[in-house]
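Descriptive analysis of the structure
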Amino acid sequence: MKKINLFEPHVGAEEVKAATGVVKSKFWASGAGVGNVKKFEEHLSKYTGARSCVAVNSGTAALHLALSTIDVRNKEVIVPSMSFVSTAHAVVYNGGRPVFVDIEPDSLCMDPQLVEKKITKKTAAILPVHFGGMAADLKALQKISKDHGLSLVEDAAHACGSKFNGRNIGSHGDFVCFSFHPVKNLSMPTGGAVCVNTKFSIEKLHSKRWCGITDRKNGMYDVKELGWNFYMNEISASIGIVQLKKLEKLNQKRKKIATQYSKKINTEAKMPIKDGCSYHLYWILVKNRDKFRKKLLDEGIETGVHYTPIHKMSMYKQKERLPVTEDIGASIVTLPMHPNLSDRDIERVIQSVNSHM
């Protein structure tokens, strides 16, 4: 029986050719490379509509770098708990404290009405997550940020190609952070990016991305402040350039799969179909989750749990309840979602889910 994987990158001859060309060039690092990193930054800025873009080596690095431009030390950043742990870690990396807020039950994105109640004199930024490719309510969050003089940093790890009010994610918040992990909508061996929509110096971000190095000339350079080894390599960038050309088509395939799931899976507790969503993943809510997942795995269908709420983990444990997050976190299951799924694969997943609900 063929195994149906939860996630898979979509790779064609174009990606292989692009990566092979860079490997043969022997110039793999962006500092001494063949220009693919810079080219990818330009293409991503144009695609998203962002003012500028800085490519890095992961979505975690993107969040870390973006928050390093804001003074969050000993201050608070409002985040959802329903996310990968990097969302909270990035705040801590920069000396801040994540303040968790509950989510909307349909989008699984932070609830703007609850965000406003969490704002204190110590709040420095709001950090929404576009969960599963479903855009958070950026209109409301932009207004709240503006009214309170806060920075808006978006975690768009799931949302490359997603849209809000007809505009691509990447052109709204002050900083918008993407992940290009191999299972993401735009796949690379390693990669991430920060789209910038403020007047913050792009040269300063470039410096922070590469150990704080500035004024580089003839092999000499200066270091004026702390930075990190976050640069993207040329091989990843070459693949990303090809993937970006295919992104709209691949996301259309994802939406087609999500639509089939939505129409045919026999439960109301499932991810809604909405224009602008890029469907990085597709979720349903089930009872007896462990038993349900084992039955699907026995039939060769891999599932996932995205996510265990961050505020339930030992490092971030808190007494305050987030009822929607906790209820969903106890029953959410993610189903196979990637452009390589055949019609037969999709039907097999649907039939298996319906027989074990």
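What counts, and at which threshold
Residues numbered from 1 in each chain as written. Predicted model: local features only at pLDDT ≥ 70, side-chain atom pairs only at ≥ 80, totals over all residues. Heavy atoms only, no water. Helix = DSSP H or I, 4+ residues; strand = E, 2+ residues; numbered from the N terminus. Rg over C-alpha atoms; globule rule 2.2 N^0.38 Å. Buried < 20%, exposed > 50% of the residue type's maximum accessible area, 1.4 Å probe, protein only. Contact = heavy atoms within 4.5 Å. Areas by Shrake-Rupley, 256 points an atom, 1.4 Å probe, with all protein chains shown as cover. Lys, Arg positive; Asp, Glu negative; His and termini not counted. Charge placed at Lys NZ, Arg CZ, Asp CG, Glu CD. Pairing = 2+ DSSP bridges. Axes fitted to C-alpha atoms, helices over the stretch in contact; angles between N-to-C directions. Phe/Tyr/Trp six-rings, centres within 6.5 Å; stacked < 30°, edge-to-face > 60°. Core = buried A, V, L, I, M, F, W, Y, C linked by side-chain atoms within 4.5 Å. Right-handed = clockwise from strand over helix to strand, strands pointing away. Parallel < 35°, antiparallel > 145°, perpendicular 65-115°, else oblique. Left-handed = near helix turned anticlockwise from the far one by under 90°. Nonpolar A, V, L, I, M, F, W, Y, C, P; charged D, E, K, R; others polar. Arc of directions from axis to C-beta.

1. Notes on the overall build of the protein chain
Each helix and strand in the protein chain was counted, giving eleven helices and 13 strands. Relative to the compact-globule value of 21 Å for 357 residues, the protein chain shows a C-alpha radius of gyration of 20 Å, a close match. Each principal axis of the C-alpha distribution contributes one length, and for the protein chain these read about 65 × 55 × 35 Å. Taken across its 357 residues, the protein chain has 56% of its residues classed as buried. Across the protein chain, the fraction of contacts at a sequence separation of at least 24, relative to all contacts at a separation of at least 6, is 68%. For the protein chain, the exposed area adds up to about 16300 Å²; of that, 52% sits on carbon and sulfur atoms. Here the protein chain carries 52 positive and 35 negative side-chain charges, and the mean point of each set is 2 Å from the other.

2. Brief notes about the sheet that holds strand β9 (residues 192-196)
Strand order in the open sheet made by the seven strands is β1-β9-β8-β5-β4-β2-β3, with mixed pairing throughout. Each of the sheet's edge strands pairs with one partner strand only, and the pair in question is β1 (52-56) and β3 (97-101). Averaged over neighbouring strand pairs, the angle between their axes works out to 25° when direction is ignored. As paired elements, strand β8 (residues 175-179) and β9 share five bridges and run antiparallel to each other. Residue pairing in the sheet places Phe175 in a bridge with Val196 of β9. Seen against the sheet, helix α3 (residues 59-68) touches β1, β5 (151-155), β8 and β9 and runs at an angle of roughly 165° to β8. Lying on the sheet, helix α7 (residues 202-209) is in contact with β1, β8 and β9; it crosses β1 at an angle near 5°.

3. Some points on the packing of aromatic side chains
For any pair of aromatic rings, geometry is given as the distance between the ring centres together with the angle between the planes. Counted by the stated rule, this structure contains nine aromatic pairs. Ring geometry for Phe40 and Phe180: centres 5.5 Å apart, planes at 90°, overall edge-to-face. Highlighted residues: Phe40 in helix α2 (residues 36-48) and Phe180 in the loop between β8 and β9, separated in sequence by 140 residues. When its relative accessible area of 0% is taken as the criterion, Phe40 is described as buried.

4. Quick look at the nonpolar core
Among the nonpolar cores identified, the biggest contains 74 residues, and Phe40, Phe180 and Tyr261 are the most heavily contacted of them. When sequence neighbours within four positions are dropped, the list of residues in contact with Tyr261 reads Lys270, Tyr282, Leu335, Pro336, Met337, Leu341, Ile346, Val349 and Ile350. Counting residues in each nonpolar core, the second largest holds 32 residues, with Leu65, Val79, Ala88 and Phe230 among its members.

5. A word on the pairing of strand β2 (residues 76-80)
Regular strands have side chains that alternate between both faces of the sheet. Buried residues dominate β2, accounting for five of its five residues. Burial along β2 is two-sided: Glu76, Ile78 and Pro80 and Val77 and Val79, pointing in opposite directions, are all buried. Here β2 runs beside β3; their pairing, made up of five bridges, is parallel. Residue pairing across strands places Val79 opposite Phe100, the latter belonging to β3. On the question of chirality, the crossover connecting β2 to the parallel β3 by way of helix α4 (residues 86-93) is right-handed. Here β2 pairs with strand β4 (residues 123-126) via three bridges, running parallel. Looking at β4, one finds that Val77 is bridged to Ala125.

6. Brief notes about the packing of helix α1 (residues 13-25) against helix α8 (residues 234-264)
Between two packed helices, both the angle of their axes relative to each other and the distance between the axes serve to describe the pair. Across the interface, α1 lies against α8 with an axial gap of 8 Å and an inter-helix angle of 155°. Put simply, α1 runs roughly antiparallel to α8. For the element pair α1 and α8, the recorded crossing hand is right-handed. On α8, the residues that touch Glu14, Glu15, Ala18, Ala19, Val22 and Val23 of α1 are Glu234, Ile235, Ser238, Ile239, Val242, Gln243 and Lys246. Looking at side-chain class alone, the contact of α1 with α8 contains seven nonpolar, two polar and four charged residues.

7. Observations concerning helix α9 (residues 289-298)
Here α9 has its buried residues at Arg289, Phe292 and Leu296. One side of α9 carries all its buried residues, which in axial view fall inside an arc of 65°. Pointing more than 90 degrees away from the buried face of α9 are the exposed residues Asp290, Lys291, Lys294, Leu297 and Asp298. Residues of α9 that are buried make contact with β12 (282-285), α10 (323-329), β13 (332-335) and α11 (343-356).

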